[in-house]
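# A closer look at the structure
Spelled out, the chains give:
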Amino acid sequence: MKLSFQKSSLLNGINIVLKAVPSKTTMPILECILIDAGGEEIKLTANDMELGIETKVEGTILEHGKIALDAKLFSEIIRKLSNEDSLVTIESDDRFNTVISCENSVFRIQGKDGEEFSYLPEIERNQYICLSQFTLKELIRQTLFSISVNDSNKMMTGELFEVNGNTLRVVSLDGHRLSIRKVVLKDTYENTKVIVPGKTLSEISKILTGDNEKEVLIFFGANHILFEFDDTIVVSRLIEGEYFRVDQMLSNDYTTKVSVNKKEFLDCIERASILIRENDKKPIIFTIEDSKMSLKLNSSFGTMNAEILIHKTGQDLMIGFNPKFLSDALRVIDDEEVTLYMMNAKSPCFIKDEEETYIYLILPVNFNAATV
């Protein structure tokens, strides 16, 4: 095999597929990136058996072939080569001895047989949806923060992708909060529900350009999901099982409704968070009355008090929250004003818009009113 590339194109391809190289594995071949120039195009592939990524790289095929190169070593070599416009040549023989040359630098490394590499699973392309890269990137940004990082409940480490006609609903939860985003698709599709691992969505979000003009095709298989965009394919195993009954957690009942400027509200919470350290579970206490909301936080480092103007309908209320859960939700909302719906000090708070294109449910924190 003999190939030549512009350094910037090759490095971009390597950076895309590196996201699917496992950090630990009992199969050494999976620690490699496959360079496949067996056909008319050059493809780079990495696969950790849960997540696989394949991308096409622009280059010249001087001799066809395929080789698997150690991902860490290969990426470091290409990264350290001189300027971005340099021409990189990769040549390997029948014993997988590989020479990487660029200007005055020549590296000789040992590759592995590309035929031993685990290819991405085949996905039937019957059931799919189409949306813009911008929309998918936003959907992930606005929900991924509320998945669980703890593996004790596998369902909570993924997100529900639910297609219903021309609507896609994405849901995540971690036991303390729930995030829902809904978008209307351009076409009507077959109804489906799948649970996509959070790790997959996180890596896809890093690769997506976020271009509103470019589309992503999402194909749903029995056990896998496939994302196809630009010159890249991402295949991920799905999380098996029945997702939580989200609709039972939602309610339109409230006794207190508060509308507040999002930036002022978020700034206030983030100022209060300065006094909290990682293991500190101190809540931020809201006292809602008339046209103002008082915020108070007591921690071992000090106290903070603030007031912001609000528009309130319904009853006065005193309620406490984990400030991180509130600020995480507010950061991803693009509206200038947000509306909170609350029932009492022990019931969930809902932050949502009128069309319910987004819904954030946050459980309150118990506190002793006498100490406030």
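Notes on the structure in this doc start here.

Basis of the calculations
Residues numbered from 1 in each chain as written. Predicted model: local features only at pLDDT ≥ 70, side-chain atom pairs only at ≥ 80, totals over all residues. Heavy atoms only, no water. Helix = DSSP H or I, 4+ residues; strand = E, 2+ residues; numbered from the N terminus. Buried < 20%, exposed > 50% of the residue type's maximum accessible area, 1.4 Å probe, protein only. Areas by Shrake-Rupley, 256 points an atom, 1.4 Å probe, with all protein chains shown as cover. Core = buried A, V, L, I, M, F, W, Y, C linked by side-chain atoms within 4.5 Å. Contact = heavy atoms within 4.5 Å. Phe/Tyr/Trp six-rings, centres within 6.5 Å; stacked < 30°, edge-to-face > 60°. Pairing = 2+ DSSP bridges. Polar contact = N/O pair within 3.5 Å; in protein donor to acceptor, adjacent residues only side chain to side chain. Axes fitted to C-alpha atoms, helices over the stretch in contact; angles between N-to-C directions. Parallel < 35°, antiparallel > 145°, perpendicular 65-115°, else oblique. Left-handed = near helix turned anticlockwise from the far one by under 90°. Nonpolar A, V, L, I, M, F, W, Y, C, P; charged D, E, K, R; others polar.

## Considering the overall build of the protein chain
Per the secondary structure count, the protein chain includes six helices and 25 strands. Each principal axis of the C-alpha atoms in the protein chain carries an extent, and together these give about 80 × 50 × 40 Å. Of all 372 residues assigned to the protein chain, the portion counted as buried reaches 51%. Summing over all exposed atoms, the protein chain offers an accessible surface of approximately 18,700 Å²; the carbon and sulfur share of this is 46%.

## As for the nonpolar core
Membership of the largest hydrophobic core comes to 58 residues, with the highest contact counts inside it found for Ile35, Phe74, Ile78, Leu136, Leu168, Ile218 and Phe227. Ignoring any residue separated from it by four or fewer positions in sequence, one finds leucine 168 in contact with Ile129, Leu131, Leu139, Phe161, Glu162, Val163, Arg181, Lys182, Val183 and Leu185. Leu297, Ile319, Phe321 and Leu326 belong to the second-largest nonpolar core, a separate cluster that totals 36 residues.

## Observations concerning the packing of aromatic side chains
Going through the model one piece at a time under the given rule, you end up with eight aromatic pairs. Between tyrosine 128 and tyrosine 189, the aromatic rings sit 5.7 Å apart at their centres with planes inclined by 70°, giving edge-to-face as the arrangement. Here tyrosine 128, found in strand 11 (residues 128-132), pairs with tyrosine 189, found in strand 13 (residues 177-197); they are 61 residues apart in sequence, far enough to count as distant. Owing to a relative accessible area of 34%, tyrosine 128 belongs among the partly exposed residues under this scheme. Ring centres 5.7 Å apart and planes at 35° place the aromatic pair tyrosine 128 and phenylalanine 219 in the tilted group.

## Looking at the pairing of strand 6 (residues 65-70)
Summarising the sheet, strand 2 (residues 32-37) and strand 6 pair through six bridges and their orientation is antiparallel. Within strand 6, the position partnered with cysteine 32 by the bridge is aspartate 70. Bridging between strand 6 and strand 10 (residues 112-113) involves two bridges; their strand directions are antiparallel. When the bridges of strand 10 are listed, isoleucine 67 appears paired with aspartate 113.

## Considerations on helix 6 (residues 323-332)
Within helix 6, eight of the ten residues are buried, leaving the element largely enclosed by the surrounding structure. Turning to helix 6, its buried residues number three or more, namely Pro323, Phe325, Leu326, Ser327, Asp328, Ala329, Leu330 and Val332. The backbone nitrogen of lysine 324 lies 2.9 Å from a side-chain oxygen of the residue at the head of helix 6, namely asparagine 322.

## A closer look at the environment of leucine 120
Along the polypeptide, leucine 120 turns up in the loop between strand 10 and strand 11. Relative accessible area serves as the criterion here: at 14%, leucine 120 is assigned to the buried category. A sequence separation of 141 residues divides leucine 120 from asparagine 261, and the C-alpha atoms of the two residues are 47 Å apart. Non-local contacts of leucine 120, meaning those with residues more than four positions away in its chain, are made with Thr45, Ala46, Asn47, Gly52, Ile53, Glu54, Ile233 and Val235.

## Overview of the side chain of threonine 45
With respect to the helices, strands and loops of the structure, threonine 45 is situated in strand 3 (residues 42-47). Threonine 45 sits in the buried class, given a relative accessible area of 3%. Sequence-distant contacts of threonine 45, that is, excluding residues within four places in its chain, are made with Val17, Cys32, Ile33, Leu34, Ile53, Glu54, Phe117 and Leu120.

## Here we look at the side chain of lysine 352
Checked against the element boundaries, lysine 352 lands in strand 24 (residues 349-352). Among the polar contacts listed, one links the side chain of lysine 352 to the side chain of glutamate 356, at a separation of 3.3 Å. Other than its neighbours up to four places away in sequence, lysine 352 contacts Ser251, Asn252, Thr339, Tyr341, Tyr358 and Ile359.

## Observations regarding the packing of helix 3 (residues 133-141) against helix 4 (residues 198-207)
Packing of helix 3 against helix 4 leaves a shortest axis separation of 10 Å and a crossing angle of 135°. The orientation of helix 3 with respect to helix 4, classified from their angle, is oblique. Crossing of helix 3 over helix 4 shows left-handed handedness. Where helix 3 approaches helix 4, its residues Leu136, Lys137 and Ile140 are matched on the opposing element by Leu201, Ile204 and Ser205. The residue inventory of the contact of helix 3 with helix 4, partitioned by class, reads four nonpolar, one polar and one charged.

## Looking at unusual backbone geometry
What is expected of a backbone is that most residues other than glycine have negative phi and most peptide bonds are trans. Unlike most non-glycine residues, glutamate 103 shows phi in positive territory, near 50°. Checked against the element boundaries, glutamate 103 lands in the loop between strand 8 (97-102) and strand 9 (105-110). Of the residues examined, glutamate 103 reaches a relative accessible area of 54% and is grouped as exposed. Notably, aspartate 290 is not glycine yet its phi reads approximately 50°, a positive angle. Structurally, aspartate 290 can be placed in the loop between strand 18 (284-289) and strand 19 (292-299).

## Here we look at the sheet that holds strand 12 (residues 158-173)
Taken together, seven strands build an open sheet; the order of strands is 12-13-25-24-23-17-21 and the sheet is antiparallel. Two strands close off the open sheet at either side, each with one partner strand: strand 12 and strand 21 (311-314). On average, each strand axis in the sheet is inclined to that of its neighbour by 20°, with strand direction left out of account. Packing of helix 5 (residues 262-273) onto the sheet brings it into contact with strand 17 (256-261) and strand 23 (337-342), and relative to strand 17 it is tilted by some 90°.

## Some words on the pairing of strand 19
By the bridge criterion, five bridges tie strand 18 to strand 19 in an arrangement that is antiparallel. Bridge assignment links threonine 287 to a residue of strand 19, and that residue is serine 294. Between strand 18 and strand 19, which follow one another and run antiparallel, lie two residues, and aspartate 290 among them has a positive phi close to 50°.

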